[in-house]
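One-letter residues, chain by chain:
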Amino acid sequence: MLKIKNYVKAESLEQAYELNQKRTACVLGGMVWLKMGNRVVTTAIDLSGLGLDTITETESEFVIGCMTPLRDLELHQGLHTYTKGAIRESLRHIVGVQFRNCATVGGSIWGRFGFSDVLTMLLALDTEVELFKGGRVCLSDFVKMPKDRDILVRIIIKKTPLKVAYLSHRNTKTDFPVLACCIRLSENGVRAVYGARPAKAFLLEDEEGLLAGMETMSSEEKKTAVQKFADYAARKVPTFGNMRGSAEYRTLLVKVLTRRALEAVGGMTDEN
């Protein structure tokens, strides 16, 4: 059961940061996961009055406030167009519309949850987080950092030219994924991210260059390269078992979803 002793609606980020330095304080997001926990919060800090619930699009990036609901990301036309529907696909399975109207992108990223579709999706893009004290940090570095008393203020997605595909497998429609896979193709090569392993999202780079020059390959060359990378991913991505699936099943899903996502970004299907 969650117990909150004091509630403060922060008037500034400075005030929120100072209040959050106590170990038993907590910054509130959408509270969809927090409320299901068993803890005592001495001071609950609400950031909802600081104007951090908007998405700003510029010529070079998207700037997303930490209090932005997941539903706003799902419906944002600019993000939808930039990712060719991938970000909407990553969000539409998360419980239901009412839930996504409450859950915030800041809470989803700060939590580094193993089941997070949001983290899996954003890791595949050129994403940074802005911390109140820590400044801008690459998301791939942020997920490795231990949790501290800083405050996540914004998420920044750079508009790097790319093709991206998001796929997941679920036992039931609105359940946590058994495995999630997001693959992006850009001039810098391929980046593959695997979530719900069931551990925190895992970033896999094409260190062997199996997909180098994929956009100029013939159809048969693409097919061979995709299969080689799918086999490579199955060897490299650590998986574990839980109530939703065994480690062996997840490894099989790594291979299948990798192949399907690469076929999508590589123009081998009608999905792009």
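Because the structure is a prediction, the values reported are computed rather than measured. (Residues numbered from 1 in each chain as written. Predicted model: local features only at pLDDT ≥ 70, side-chain atom pairs only at ≥ 80, totals over all residues. Heavy atoms only, no water.)

Asker: Break down the overall build of the protein for me, citing the residues and quoting the values.
Answerer: Along the backbone of the protein there are 10 helices and 12 strands. For 272 residues, the compact-globule formula gives about 19 Å, and the C-alpha radius of gyration of the protein, at 19 Å, lands near that figure. Based on the C-alpha atoms only, the size of the protein along its principal axes is roughly 65 × 45 × 30 Å. Going through the 272 residues of the protein one by one, you find that 50% of them count as buried. Across the protein, every contact between residues at least 6 apart in sequence was considered, and the portion connecting residues at least 24 apart equals 59%. Total accessible area on the protein stands at roughly 12900 Å², and carbon and sulfur atoms take up 50% of it. (Helix = DSSP H or I, 4+ residues; strand = E, 2+ residues; numbered from the N terminus. Rg over C-alpha atoms; globule rule 2.2 N^0.38 Å. Buried < 20%, exposed > 50% of the residue type's maximum accessible area, 1.4 Å probe, protein only. Contact = heavy atoms within 4.5 Å. Areas by Shrake-Rupley, 256 points an atom, 1.4 Å probe, with all protein chains shown as cover.)

Asker: Before we move on, can you summarise the sheet that holds strand E10 (residues 179–186) with the specific residues and values?
Answerer: Reading across the sheet, the 4 strands line up as E9-E10-E11-E12 and stay open at both edges, with antiparallel pairing between neighbours. Two strands in the sheet have a free side with no partner beyond their single neighbour: strand E9 (162–169) and strand E12 (202–205). Ignoring which end each strand starts from, the neighbouring axes of this sheet average 15 degrees apart. Sheet topology note: the E9/E10 ladder contains 8 bridges and is antiparallel. Each bridged residue has a counterpart across the sheet, and for Leu-162 the counterpart in E10 is Ser-186. Across the face of the sheet, helix H7 (residues 117–124) comes into contact with E9, E10 and strand E11 (189–195) while running at roughly 170 degrees to E11. (Pairing = 2+ DSSP bridges. Axes fitted to C-alpha atoms, helices over the stretch in contact; angles between N-to-C directions.)

Asker: I'd like to hear about the packing of aromatic side chains, residue by residue, with values.
Answerer: All chains considered together, the criterion is met by 10 aromatic pairs. Seen in terms of ring centroids, Tyr-17 and Phe-132 are 5.4 Å apart; in terms of plane orientation they differ by 45 degrees. Their pairing is tilted. With Tyr-17 in helix H1 (residues 13–19) and Phe-132 in the loop between strand E6 (127–131) and strand E7 (135–138), this residue pair connects regions lying 115 residues apart in the sequence. On the basis of relative accessible area, Phe-132 is assigned to the partly exposed category, the value being 24%. One aromatic cluster in this structure is built from Trp-33, Phe-99, Phe-113, Phe-115 and Phe-176. (Phe/Tyr/Trp six-rings, centres within 6.5 Å; stacked < 30°, edge-to-face > 60°.)

Asker: Could you give an account of H7, with specific residues and numbers?
Answerer: Within H7, 8 of the 8 residues are buried, which leaves it mostly tucked inside the rest of the structure. Along H7, the residues classified as buried are Asp-117, Val-118, Leu-119, Thr-120, Met-121, Leu-122, Leu-123 and Ala-124.

Asker: Can you explain the layout of surface pockets? Please cite residues and give values.
Answerer: Its volume calculated, the largest pocket comes out at about 750 Å³. Lining the largest pocket we find 30 residues, and of these Cys-26, Val-27, Gly-107, Trp-110 and Gly-111 sit closest to its centre. The set of elements that each furnish at least two residues to the lining of the largest pocket consists of strand E2 (25–28) and helix H6 (105–111). For the lining of the largest pocket, a count of residues per class yields 16 nonpolar, 8 polar and 6 charged. Approximately 310 Å³ is the volume found for the second largest pocket. In terms of lining, the second largest pocket is formed by 19 residues, of which the most central are Leu-123, Leu-139, Ser-140, Val-143 and Leu-203. Elements with a contribution of two residues or more to the lining of the second largest pocket: H7, E6, helix H8 (139–142) and E12. It is E12 that provides the largest number of residues to the lining of the second largest pocket, a total of 3 residues. Its residues placed into classes, the lining of the second largest pocket shows 9 nonpolar, 2 polar and 8 charged. (1 Å grid on protein atoms, 1.4 Å probe; cavity = no way out; pocket = protein on both sides within 12 Å on 5 of 7 lines; lining within 4 Å. Points joined across faces, edges and corners; volume = space filled by probe spheres on them. Nonpolar A, V, L, I, M, F, W, Y, C, P; charged D, E, K, R; others polar.)

Asker: Give a detailed account of the pattern of salt bridges, specifying residues and quantitative values.
Answerer: Inspection of the entire model under this criterion finds 17 salt bridges. The salt bridge involving Glu-205 is made with Arg-191; its shortest N-O contact spans 3.9 Å. Of the two residues, Glu-205 sits in strand E12 while Arg-191 sits in strand E11, which places them 14 residues apart along the sequence. Among the residues examined, Glu-205 registers a relative accessible area of 35% and is labelled partly exposed. Owing to a relative accessible area of 18%, Arg-191 belongs among the buried residues under this scheme. In this structure, a network of salt bridges that share partners links the residues Glu-61, Glu-128, Arg-136 and Lys-158. (Salt bridge = Lys/Arg side-chain N within 4 Å of Asp/Glu carboxyl O.)

Asker: Explain unusual backbone geometry residue by residue, including any values.
Answerer: Most peptide bonds take the trans form, and the phi angle of most residues other than glycine is negative. Cis rather than trans, the peptide bond between Arg-197 and Pro-198 has omega equal to 15 degrees. With respect to the helices, strands and loops of the structure, Pro-198 is situated in the loop between E11 and E12. Phi is positive for Val-95, which is not a glycine, with a value near 55 degrees. Locating Val-95 in the fold gives a position in the loop between helix H4 (86–91) and helix H5 (97–102). Judged by its relative accessible area of 42%, Val-95 is partly exposed. Positive phi, close to 60 degrees, is recorded for Ala-196, a residue that is not glycine.

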